[in-house]
Amino acid sequence: MADVQPFRAVRYDESAGPLDRLVAPPYDVLDAEQRAAYLARSPYNVVHLTLPDAEDAAGDTWRAWQDERALVRDERPSFWALVQDYVGPDGVARTRTGLVASLRVEPYERGVVLPHERTHRGPKEGRLRLLRATRAQLEPILLLYDGPAPVSAPDREADLAADGARLWRVDGDFGDSFADRQLLIADGHHRYETALAFHEEDGTEESAFLMVVLVSTEDPGLTIFPTHRVFDAALPDPSVGFGDPRSDVRDALSDLDELSYDTAAFVRYERRQPQLVATSDRRPDVFVVDRLGQDGISYTPDWHEAVRRVDAGDASVAYLLRPTRIEDVFAVARRGEVMPQKSTYFYPKLLSGLLFHPLG
């Protein structure tokens, strides 16, 4: 039974500057150059908190910004409607709508929140130190659920807006809408498990909650894009197979889109020779390609980039995949299994810095 509640958000005061200069993508998608660019945007940019030089320094910064009133806390708990307007990697403009709320963290074995990816210890250790230092959830995670959304964007000017995201404070009790629904982690596995670990060691009621964005699987703006596999060395693994030659990679991808998802299929691209591979394997495509292993592998959501690297001789072979279907991700998670690495590419990422969730 999911415990979804409103919360008293901390957010930037107008005195901190334009919100567009204060927000940033999540910590785990920024490289060193991007981090430096966001840090330079403003002394109050959220990256000073989410990717600090040291976690203890982030705690000092978090408290100092509140003392300076650069960050202020709402008087009453609220839910928030979030709309993100975006153009996906396929060039199509879409709008995704979700509900920002506070969720009680539950161990996976209770079946309330379902993972679909494995996590790594290193990132969780750093996030745990940051959580101890700030006692605040600085970034939301993305969760999916089946069924209609309980709220839509109000027909009025947004309360907050930045970088294609708009937020409205919404009145009402939406917690009952999620009481009997399973929630699938789309993005944020490391942060969710860090929140669980922090609550276990902290033991307080306040530490039991996490800031989340809940998006219905029925939302027309919810999309998963594929992440293609590129290998340094040729992998003639017969268990994965060679396919039917195609004269052009676009034709191969077009034919791939026409195939049923009942069995796995993909495009194998090597030496300017695209092949359409249709298998009898009934698992999602990424499970079949995952049999090739991870030696010499890299990933890209852009098939043009994958093909360019092979043509330029920077890689030997690329496997171009279809998007993993949301229902397949849910099915795998409900069986207690996990998807191979980089199976899903949910887009867009949630912005950090629109709202913060203090734990106390």
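About the criteria used
Residues numbered from 1 in each chain as written. Predicted model: local features only at pLDDT ≥ 70, side-chain atom pairs only at ≥ 80, totals over all residues. Heavy atoms only, no water. Helix = DSSP H or I, 4+ residues; strand = E, 2+ residues; numbered from the N terminus. Rg over C-alpha atoms; globule rule 2.2 N^0.38 Å. Contact = heavy atoms within 4.5 Å. Areas by Shrake-Rupley, 256 points an atom, 1.4 Å probe, with all protein chains shown as cover. Lys, Arg positive; Asp, Glu negative; His and termini not counted. Charge placed at Lys NZ, Arg CZ, Asp CG, Glu CD. Phe/Tyr/Trp six-rings, centres within 6.5 Å; stacked < 30°, edge-to-face > 60°. Buried < 20%, exposed > 50% of the residue type's maximum accessible area, 1.4 Å probe, protein only. Lys NZ or Arg CZ within 6 Å of the ring centre and 35° of its normal. Axes fitted to C-alpha atoms, helices over the stretch in contact; angles between N-to-C directions. Parallel < 35°, antiparallel > 145°, perpendicular 65-115°, else oblique. Left-handed = near helix turned anticlockwise from the far one by under 90°. Nonpolar A, V, L, I, M, F, W, Y, C, P; charged D, E, K, R; others polar. Salt bridge = Lys/Arg side-chain N within 4 Å of Asp/Glu carboxyl O. Polar contact = N/O pair within 3.5 Å; in protein donor to acceptor, adjacent residues only side chain to side chain.

K.L.:
Sorry, what's going on with the overall build of the protein chain here?
P.N.:
Per the secondary structure count, the protein chain includes nine helices and 21 strands. Computed over the C-alpha atoms, the radius of gyration of the protein chain is 22 Å, within 12% of the 21 Å expected from 2.2 N^0.38 for a compact globule of 360 residues. Expressed along its principal axes, the backbone C-alpha trace of the protein chain runs to roughly 65 × 45 × 45 Å. Partitioning the intrachain contacts of the protein chain with sequence separation of at least 6 by distance along the chain shows that 79% fall at a separation of at least 24. On the protein chain, roughly 16200 Å² of surface is accessible, and the fraction owed to carbon and sulfur atoms is 46%. The centroid of the 42 positive side-chain charges in the protein chain is displaced by 2 Å from the centroid of its 61 negative side-chain charges.

K.L.:
Mind showing me how you'd approach the packing of aromatic side chains here?
P.N.:
Both the distance between ring centres and the angle between the ring planes are used here to describe each pair of aromatic rings. The full count for this structure, using the stated rule, is 13 aromatic pairs. Ring geometry for Phe 225 versus Tyr 347: centroids 6.1 Å apart, planes at 85°, classification edge-to-face. Here Tyr 347 lies in the loop between β20 (345-346) and β21 (357-358) and Phe 225 lies in strand β13 (residues 224-225), a separation of 122 residues in the sequence. Relative accessible area serves as the criterion here: at 8%, Phe 225 is assigned to the buried category. Through pairs of rings, three or more aromatic residues link up here, namely Tyr 12, Tyr 44, Trp 62, Trp 65 and Phe 356. A cation over an aromatic ring shows up here: Arg 127 above the ring of Tyr 27, its NZ or CZ 3.8 Å from the ring centre. Between the NZ or CZ atom of Arg 181 and the centre of the ring of Phe 178, over which it lies, the distance is 5.8 Å.

K.L.:
What is the right way to look at the packing of helix α6 (residues 249-258) against helix α8 (residues 303-311) in this model?
P.N.:
Helix-helix packing is described using two parameters, namely the angle between the two axes and the distance between the axes. Viewed as axis vectors pointing N to C, α6 and α8 meet at an angle of 135°, and their least axial separation amounts to 12 Å. Classified by the angle their axes make, α6 and α8 are oblique. Along this stretch, α6 crosses α8, giving a crossing that reads as right-handed. For the pair formed by α6 and α8, the contact residues are Val 249, Arg 250 and Leu 253 on the first element and Trp 303, His 304 and Val 307 on the second. When the residues that make up the contact of α6 with α8 are grouped by side-chain class, the tally is four nonpolar, one polar and one charged.

K.L.:
Whenever I open this one, the side chain of Arg 229 confuses me. Can you help?
P.N.:
Mapped onto the secondary structure, Arg 229 falls in strand β14 (residues 228-231). Of the buried charged residues, Arg 229 lacks a salt bridge, with Asp 290 as the closest side chain of opposite charge at 5.4 Å. A polar atom in the side chain of Arg 229 sits 2.7 Å from the backbone oxygen of Thr 227. When neighbours within four sequence positions are excluded, Arg 229 is seen to be in contact with Val 286, Val 289, Ile 297, Ser 298, Tyr 299, Val 317, Ala 318, Tyr 319, Leu 321, Gln 341, Lys 342 and Ser 343.

K.L.:
Even after reading the chapter, I still don't get the pattern of salt bridges, so can you show me in this structure?
P.N.:
Two side chains that carry opposite charge are able to pair once their charged atoms sit near each other. Overall, the coordinates contain 31 salt bridges when judged by the stated rule. Note that Asp 171 is salt-bridged to Arg 76, the shortest N-O span being 3.3 Å. You can see Asp 171 sitting in the loop between β10 (165-170) and β11 (183-187) and its partner Arg 76 sitting in the loop between β3 (71-73) and β4 (79-87), a full 95 residues away along the chain. Judged by relative accessible area, which is 59%, Asp 171 ranks as exposed. A salt bridge links Asp 159 to Arg 156, with the nearest nitrogen and oxygen atoms 3.3 Å apart. Take Arg 156: its relative accessible area is 42%, and that puts it in the partly exposed class. Linked through salt bridges whose partners overlap, the residues forming this network are Asp 3, Arg 104 and Glu 205.

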